[in-house]
Amino acid sequence: GESVGLHLPTLSVQEGDNSIINCAYSNSASDYFIWYKQESGKGPQFIIDIRSNMDKRQGQRVTVLLNKTVKHLSLQIAATQPGDSAVYFCAERQAGTALIFGKGTTLSVSS
Amino acid sequence: EAGVVQSPRYKIIEKKQPVAFWCNPISGHNTLYWYRQNLGQGPELLIRYENEEAVDDSQLPKDRFSAERLKGVDSTLKIQPAELGDSAVYLCASSLDREGLNEQFFGPGTRLTVL
């Protein structure tokens, strides 16, 4: 599958491939992380979250990995579909404070 | 279940004019957020309410922006006067905070264009 080691603004994959979107977060005190999907003309939509006491969490076709040592978060999408095409944002939160969104990655899935 | 409702969806105004955005959160959600999203960027928090109290407005440009959440339900964000740099999408979100988690549900946003 396609993956990126560093954050890139765009990622293009073929339908059926696995996608990996990376995010570097800024605050070592952040305790909660979320991935959002945003389609054109819509607000961000929750995909999956993870607390800082975990390093992996799985959902339906999606997996989030958290590496606190290097402050890195990744979203893996299995068997990517055209409907997965969107902008993906990671967000971090330190307890009691607001979410801080990272730079988005535009995922394009071709048939 | 109805999601977060925002209106209007689009607004075009000339600079120096006032503008207001309205948000109705998901029923029962105690926390409401206003974000601004510039083109190609992630949302940035402007203000956060817990019930009717603004608990974080540190990023709200108070010289021209104001917000209110009367009765702790729906909310209005106002800009007066608008400037060219205010062109952005204004997103409202709500959450029901519990056990330290706060999954935020976003509305579709209001796209503001200042000419």
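Every chain is numbered independently, its residues counted from 1 as its sequence is written. Chain letters start at A and ligand numbers start at 1, both assigned in the order the entries are written. Since the coordinates come from a predicted model, pLDDT governs what is reported: local features require at least 70, and pairs of side-chain atoms require 80 or more to be given and counted, while whole-chain, interface and lining totals use all residues. The basis for every side-chain value is the complete set of heavy atoms in the structure, and neither hydrogens nor water enter the calculation.

### Section: the overall build of chain A
Thinking step 1. Secondary structure counts use DSSP, requiring at least four H or I residues in a row for a helix and at least two E residues in a row for a strand, with both numbered from the N terminus. Helix and strand counts for chain A stand at zero helices and 10 strands.
Thinking step 2. Starting at the N terminus, the α and β elements of chain A follow one another as β-β-β-β-β-β-β-β-β-β.
Thinking step 3. On C-alpha atoms alone, chain A measures out to a radius of gyration of 13 Å, which is about the 13 Å that the 2.2 N^0.38 rule sets for 111 residues.
Thinking step 4. Dimensions of chain A, computed from the C-alpha atoms along their principal axes, are close to 40 × 30 × 25 Å.
Thinking step 5. Classification of residues uses two cut-offs on accessible area relative to the type maximum, computed with a 1.4 Å probe and protein chains only: under 20% is buried, over 50% is exposed, and between them is partly exposed. Within chain A, the fraction of its 111 residues that count as buried is 41%.
Thinking step 6. A sequence separation of at least 24 residues applies to 50% of the contacts in chain A between residues at least 6 apart.
Thinking step 7. Accessibility throughout is a Shrake-Rupley quantity obtained with a 1.4 Å probe, and a residue counts as covered only by protein chains that appear here. A total accessible area of about 5,500 Å² is found for chain A, and carbon and sulfur atoms account for 47% of it.
Thinking step 8. Mean positive and mean negative side-chain charge positions of chain A (10 and 9 charges, respectively) differ by 7 Å. The globule rule used here is 2.2 Å times the number of residues to the 0.38 power, and the radius of gyration it is set against is calculated over C-alpha atoms. Note on contacts: a residue pair qualifies if any of its non-hydrogen atoms lie within 4.5 Å across the two residues. When charges are counted, neither His nor the chain ends are considered; positive counts come from Lys and Arg and negative counts from Asp and Glu. A charged residue contributes its charge at one atom only: NZ of Lys, CZ of Arg, CG of Asp or CD of Glu.

### Re the interface of chain B and chain A
Thinking step 1. The partner chain A presents 17 residues to the 19 residues of chain B that form the contact.
Thinking step 2. Interface of chain B and chain A: buried area, both sides summed, is about 1,400 Å²; carbon and sulfur atoms make up 51% of it.
Thinking step 3. Three classes are used: nonpolar for Ala, Val, Leu, Ile, Met, Phe, Trp, Tyr, Cys and Pro, charged for Asp, Glu, Lys and Arg, and polar for all others, with Gly counted as polar. The residue makeup of the side of chain B that touches chain A, split by class, is seven nonpolar, seven polar and five charged. Buried area: the accessible area, evaluated with a 1.4 Å probe, that two parts lose upon being put together, summed over both parts.

### A short note on the pattern of salt bridges
All names here are of chain B.
Thinking step 1. Salt bridge, as used here: a side-chain nitrogen of Lys or Arg that lies within 4 Å of a carboxyl oxygen of Asp or Glu. Going through the model one piece at a time under the given rule, you end up with eight salt bridges over all chains.
Thinking step 2. For Arg 48, the salt bridge goes to Glu 50, with nearest N and O atoms at 3.0 Å.
Thinking step 3. Several salt bridges converge on common partners, so that one network encompasses Arg 36, Arg 64, Glu 83 and Asp 86.

### Remarks on the side chain of Ser 95 of chain B
Thinking step 1. Mapped onto the fold, Ser 95 of chain B is located in strand S9 (residues 88-95).
Thinking step 2. The class of Ser 95 of chain B is buried, set by a relative accessible area of 0%.

### Looking at the state of the cysteines
All names here are of chain B.
Thinking step 1. Disulfide: a pair of cysteine sulfur atoms within 2.5 Å of each other. Summed over all chains, the structure comprises two disulfides over all chains.
Thinking step 2. Put simply, Cys 23 and Cys 92 are joined by a disulfide, and their sulfur atoms are 1.9 Å apart. Because the sign of the S-S torsion sets the handedness, a value of about -70 degrees for the bond joining Cys 23 and Cys 92 places this disulfide among the left-handed ones. Remark: Cys 92 occurs in strand S9 and Cys 23 occurs in strand S3 (residues 19-24); sequence separation between them is 69 residues. The same class applies to Cys 23 as to Cys 92, namely buried.

### What about the nonpolar core?
Thinking step 1. By nonpolar core is meant a set of buried Ala, Val, Leu, Ile, Met, Phe, Trp, Tyr and Cys residues that side-chain atoms within 4.5 Å join together. With 21 residues, the main nonpolar core has Phe 21, Trp 34, Leu 77, Ile 79, Tyr 90 and Leu 112 of chain B as its most contacted residues.
Thinking step 2. Not counting residues within four places of it along the chain, the set of residues in contact with Leu 77 of chain B comprises Val 19, Ala 20, Phe 21, Trp 34, Leu 46, Leu 60, Phe 65, Ser 66, Ala 67 and Tyr 90 of chain B.

### What to know about the sheet that holds strand S5 (residues 56-58) of chain A
All names here are of chain A.
Thinking step 1. At least two DSSP bridges between two strands are required for those strands to pair. Strand order in the open sheet formed by four strands is S2-S7-S6-S5, with antiparallel pairing between adjacent strands. Of all strands in the sheet, those with a lone pairing partner are strand S2 (19-24) and S5, marking the two edges. Across the sheet, the axes of successive neighbouring strands diverge by a mean angle of 15 degrees, strand direction being ignored. Only C-alpha atoms enter the line fits that serve as axes; for helices the fit covers just the stretch in contact. Angles between N-to-C directions range over 0 to 180 degrees.

### Section: the pairing of strand S11 (residues 110-114) of chain B
All names here are of chain B.
Thinking step 1. Of the two faces of S11, only one is covered, namely that formed by Thr 110, Leu 112 and Val 114; the face formed by Arg 111 and Thr 113 stays uncovered.
Thinking step 2. Two elements, strand S2 (residues 10-13) and S11, share four bridges in a ladder whose sense is parallel. When the sheet's bridge partners are listed, Ile 13 is paired in S11 with Val 114.

Just geometry here; none of it tells us what the structure is for.
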